[in-house]
Structure formats: C-alpha cells, structure tokens
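Geometric and topological summary
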Amino acid sequence: MSMLDPMSFKTEILVTVILLVVIITLNSLTKRAIRRYGRTSSIDMNSRKIIFYLSNLLFYLLAFVGISLIWGVNLEDFSLFLSSVLAIVGIGFVAQWSILSNLTASVILFFSHPLRLGDRIRVLDKDFDWTGKVEDISGFYLFMRTDDGRRITIPTNLVIQKGIEILKHEDEEEDTEEKSFED
C-alpha cells in the first residue's frame, strides 16, 4: 500500500481553495445586496429569509459541481447522476405544484412588484371585493386587512394571477398626514 502524496494534488487543492473563496465571497455579496434591497423596499424579514435560503442553495450547488469537476469526476457519470437527481426533484415539484407556484410568486413579488407592506390595495377579482391594507407577505401568502375589518389570507400565486391595484402606498399616506398636520 502506498500513501497518497498531497503534493501530487497541489493544483486541484489550489483551484478548490480559489473556487471556495470566490463562492463564499459571492454568497456574502449577494446576501448584503438582498439585505440592502429588502430594507429599501420595505420587504419583511421572512421574505428575505426565503431569498437567503434560495441563494445559499444555489451557491452550494455551484460549489458541489465545481469541486466535482476539479477533482476529475467522470463527466458522463456526473451527468447521469445529475439528470437522475433532477428527475426526482422534478417529480417532487410536480406533485407539489401549488407550493412551487406560491414560492415563485413570492420571489416575483419580492423582486419586481411595487407592492409593499402597508399599501392599500384592491385585488382584481370579479367575484370578490378584496380591498384593504397589506399587513404581511410571507413565502406563500399575502395577509391583508380588508376595509370592513376582516383579515384575509391570499396565496401569492393568486395575487400574481388576479392582479392588484395599488390604491395608496404607505409613504403617500405619511406624506398626506404630514401635510394635513401642517395646514
């Protein structure tokens, strides 16, 4: 039995360390950017936690793939393994489609929708009149207090599908109140 010489793997070790430093740095910068965007956009901490979790998952996956390729895992075997895992995950997501669609809708609301906590909105639905103030947006639901005092919970995928009309942003309400105190 011969012992493995660590010096024979110095290139792999060096590239692995560089890859890990780059991924950790990118993950840290991404978290900082999400935190900053979340604060400026008045996104609650629960929504930010979901985005942190998804970004961590992405970076861990990139590190796993990169390290596997650096250390010479056979590309054909790796692609077979990866396609098998993706098939299983795909079947699981299809079985839980509503969970995936709600999570995706929450991410869309987080990053690209002008809706914020405290806004007065109307959910555009022909059957129901849901008009009120947004109290919270979680990973799966939008919570709002209607004008008649009811507290309703709407799945985020329905908010995206139905569409919403923003009647008044919270900062507009504060501006209006300040002007009324000045008069």
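Residues numbered from 1 in each chain as written. Predicted model: local features only at pLDDT ≥ 70, side-chain atom pairs only at ≥ 80, totals over all residues. Heavy atoms only, no water.

Any two packed helices are characterised by how steeply their axes cross, that is the angle between the axes, and by the distance between the axes. Contact geometry of helix H1 (residues 10–40) with helix H2 (residues 45–70) gives a least axis separation of 10 Å together with a crossing angle of 165°. In this view, H1 runs roughly antiparallel relative to H2, as classed from their interaxial angle. The element H1 and its partner H2 pack so that their crossing is right-handed. (Axes fitted to C-alpha atoms, helices over the stretch in contact; angles between N-to-C directions. Helix = DSSP H or I, 4+ residues; strand = E, 2+ residues; numbered from the N terminus. Parallel < 35°, antiparallel > 145°, perpendicular 65-115°, else oblique. Left-handed = near helix turned anticlockwise from the far one by under 90°.)

Moving on, we get to H1. With 31 residues, H1 ought to run about 45 Å at 1.5 Å a step, and its terminal C-alpha atoms sit 45 Å apart, in line with that. Buried within H1 are the following residues: Thr-16, Ile-23, Asn-27, Ile-34 and Gly-38. Just beyond H1, the residue with positive phi is Ser-42, at close to 55°. (Expected span 1.5 Å × (residues − 1). Buried < 20%, exposed > 50% of the residue type's maximum accessible area, 1.4 Å probe, protein only.)

Strand order in the open sheet formed by 5 strands is S4-S3-S2-S1-S5, with antiparallel pairing between adjacent strands. Of all strands in the sheet, those bounded by a partner on one side alone are strand S4 (151–155) and strand S5 (164–168). Each adjacent strand pair in this sheet contributes to an overall mean axis angle of 40°, direction not counted. Alignment of strand S3 (residues 141–146) against S4, held across 5 bridges, turns out to be antiparallel. Each bridged residue has a counterpart across the sheet, and for Phe-143 the counterpart in S4 is Thr-153. (Pairing = 2+ DSSP bridges.)

In this section: the confidence of the model for the protein chain. Keep in mind that low pLDDT regions are not for reading the predicted coordinates in detail. When pLDDT is averaged along the protein chain, the result is 81, and 86% of the positions lie at 70 or above. Put simply, helix H6 (residues 170–182) is where the protein chain has its lowest mean pLDDT, 53, and S4 is where it has its highest, 91. (pLDDT = per-residue confidence, 0-100.)

Inspection of the secondary structure assignment puts Ser-55 in helix H2. Discounting residues that sit within four places of it in the chain, Ser-55 has contacts with Asn-27, Thr-30 and Ile-34. (Contact = heavy atoms within 4.5 Å.)

Glancing now at H2. Compared with an ideal rise of 1.5 Å per residue, which puts 26 residues at 38 Å, H2 spans 37 Å between its outermost C-alpha atoms and is within 8% of the ideal. Among the residues making up H2, those that are buried are Ser-47, Arg-48, Ile-51, Phe-52, Ser-55, Asn-56, Phe-59, Ala-63, Gly-66 and Ser-68. Two residues or fewer past H2, Gly-72 is found with a positive phi of approximately 80°.

The next subject is the environment of Ser-138. Mapped onto the fold, Ser-138 is located in the loop between strand S2 (130–137) and S3. Through-space distance from the C-alpha of Ser-138 to that of Ile-50 is 8.8 Å; in sequence the pair is 88 residues apart. For Ser-138, the contacting residues outside a window of four places in its chain are Ser-47, Ile-50, Ser-106, Phe-143 and Thr-156.

Now for the nonpolar core. The biggest cluster of nonpolar side chains holds 14 residues, and the ones touching the most others in it are Leu-115, Ile-121, Leu-142 and Ile-154. Those elements giving two or more residues to this core turn out to be strand S1 (120–123), S2, S3 and S4. For this core, the element with the highest residue contribution is S2, accounting for 3 residues. Excluding residues within four positions of it along the chain, Leu-115 makes contact with Leu-109, Ile-121, Val-134, Ile-137, Leu-142, Ile-164 and Ile-166. One finds Ile-43, Ile-51, Phe-52 and Phe-110 within the second-largest nonpolar core, a separate group that totals 5 residues. (Core = buried A, V, L, I, M, F, W, Y, C linked by side-chain atoms within 4.5 Å.)

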